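# Chains, contacts and geometry: an overview
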Amino acid sequence: MAELELQRGDITKLAVDAIVNAANSSLQGGGGVDGAIHRAAGPELVQESRRLAPCPTGEARITGGYRLPARFVIHTVGPIWRGGDRNEDELLASCYRNSMRLAVENGVRTIAFPAISCGIYGFPVGRATEIAVRETRAFTASEPGIERVIFVAFGDDVASAYDRELSKR
Ligand code: ADP
């Protein structure tokens, strides 16, 4: 199984093989972490990513990282929280699984995730981090390619939720 860790701060600064973007299905950039990644990567990113659109909720696409320190960006579209009975949990789990599948196919050993759906999309943070950690442990236990997974927390709520989740076993 991969090493799982929490890091505070800005995902665009990380020199990992791949960072994951919490995108929307048009892959044209947007607010939150999506906007930050596009600003840091430069305009070539949107030129490549929009050719891979639409990306349905729960799926993922991979592009280069351009001016980012990361080699790749994996764009995944999280579910919008609508109360919990619209398949949100399973769709969020698919984001993590499909992102890691693309990572392995592209030789990625180190990958960083933002808290997908936990910003504008309104997914409850504790529930999202539980899904993220569970899916990551399960996937990397059967797929030896990924060695290190970094969960990036921009705010205190996400950081403490990951702290709690990663200390459970
Ligand atoms: P979504 O639309 O999937 O909810 P958001 O970008 O609104 O995506 O938020 C997802 C998470 O990413 C939130 O927890 C937000 O605080 C965090 N975030 C925003 N900017 C950054 C960044 N530069 N690096 C890491 N995380 C970020």
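Refer to the preceding data block for the structure.
So, a few notes on the structure that sits alongside this text. Just so it is clear, the model here is predicted, and its values are computed rather than measured.

Reading guide: rules and limits
- Residues numbered from 1 in each chain as written.
- Predicted model: local features only at pLDDT ≥ 70, side-chain atom pairs only at ≥ 80, totals over all residues.
- Heavy atoms only, no water.
- Helix = DSSP H or I, 4+ residues; strand = E, 2+ residues; numbered from the N terminus.
- Rg over C-alpha atoms; globule rule 2.2 N^0.38 Å.
- Buried < 20%, exposed > 50% of the residue type's maximum accessible area, 1.4 Å probe, protein only.
- Contact = heavy atoms within 4.5 Å.
- Areas by Shrake-Rupley, 256 points an atom, 1.4 Å probe, with all protein chains shown as cover.
- Phe/Tyr/Trp six-rings, centres within 6.5 Å; stacked < 30°, edge-to-face > 60°.
- Salt bridge = Lys/Arg side-chain N within 4 Å of Asp/Glu carboxyl O.
- Pairing = 2+ DSSP bridges.
- Expected span 1.5 Å × (residues − 1).

This part covers the overall build of the protein. On a plain count of helices and strands, the protein comes out with five helices and six strands. Its C-alpha radius of gyration of 14 Å places the protein within 12% of the 15 Å reference for a compact globule of 169 residues. With respect to the three principal axes, the spread of C-alpha positions in the protein is 40 × 35 × 30 Å. Within the protein, buried positions represent 50% of all 169 residues. Sequence separation of 24 or more characterises 69% of the internal contacts of the protein that already satisfy a separation of 6 or more. Accessible surface, the protein as shown: approximately 7,800 Å² in total, 48% of it carbon and sulfur.

What follows covers the packing of aromatic side chains. For the structure shown, the criterion picks out four aromatic pairs. Note on Trp-81 and Phe-123: the rings are 4.8 Å apart at their centroids and 65 degrees apart in plane angle, and the pair reads as edge-to-face. Of the two residues, Trp-81 is situated in the loop between strand E4 (72-77) and helix H3 (88-105) and Phe-123 in the loop between strand E5 (110-113) and helix H4 (125-142); the sequence distance between them amounts to 42 residues. Plain terms: the ring middles of Phe-151 and Tyr-162 are 4.5 Å apart, the flat faces sit at 15 degrees to each other, and that makes the pair stacked. On the criterion of sequence distance, the pair formed by Phe-151 in strand E6 (residues 148-153) and Tyr-162 in helix H5 (residues 156-167) is long-range, its members being 11 residues apart. Summarising the burial analysis for this pair, Phe-151 and Tyr-162 share the class buried. One aromatic cluster in this structure is built from Tyr-96, Phe-113, Phe-151 and Tyr-162.

What follows is about the environment of Arg-148. Along the chain, the position of Arg-148 falls in strand E6. Its relative accessible area of 29% is what places Arg-148 among the partly exposed residues. In this structure Arg-148 touches Ala-2, Glu-3, Glu-5, Gln-7, Arg-109, Thr-110 and Ile-111, once residues within four positions along its chain are discounted.

With that settled, the discussion passes to the pattern of salt bridges. Under the defined criterion, the tally for this structure stands at 10 salt bridges. With a shortest N-O distance of 3.0 Å, Glu-5 and Arg-148 are connected by a salt bridge. With Glu-5 in strand E1 (residues 3-8) and Arg-148 in strand E6, this residue pair connects regions lying 143 residues apart in the sequence. A salt bridge links Glu-135 to Arg-134, with the shortest nitrogen-to-oxygen separation between them at 2.9 Å. By sharing partners, the salt bridges in this structure join Glu-90, Arg-97, Arg-134 and Glu-135 into a single network.

Here we come to the pairing of strand E2 (residues 18-23). Burial runs high along E2: five of the six residues are buried. Summarising the sheet, E2 and E4 pair through six bridges and their orientation is parallel. By the bridge assignment for E4, Ala-23 is matched with Val-77.

This next bit is on H3. When the terminal C-alpha atoms of H3 are compared, their 26 Å separation across 18 residues agrees well with the 26 Å that a helix rising 1.5 Å per residue should span. What H3 keeps buried is the set Glu-88, Leu-92, Ala-93, Ser-94, Cys-95, Tyr-96, Asn-98, Ser-99, Met-100, Leu-102 and Ala-103. Once H3 finishes, Gly-107 follows within two positions and takes phi at roughly 75 degrees, a positive value.

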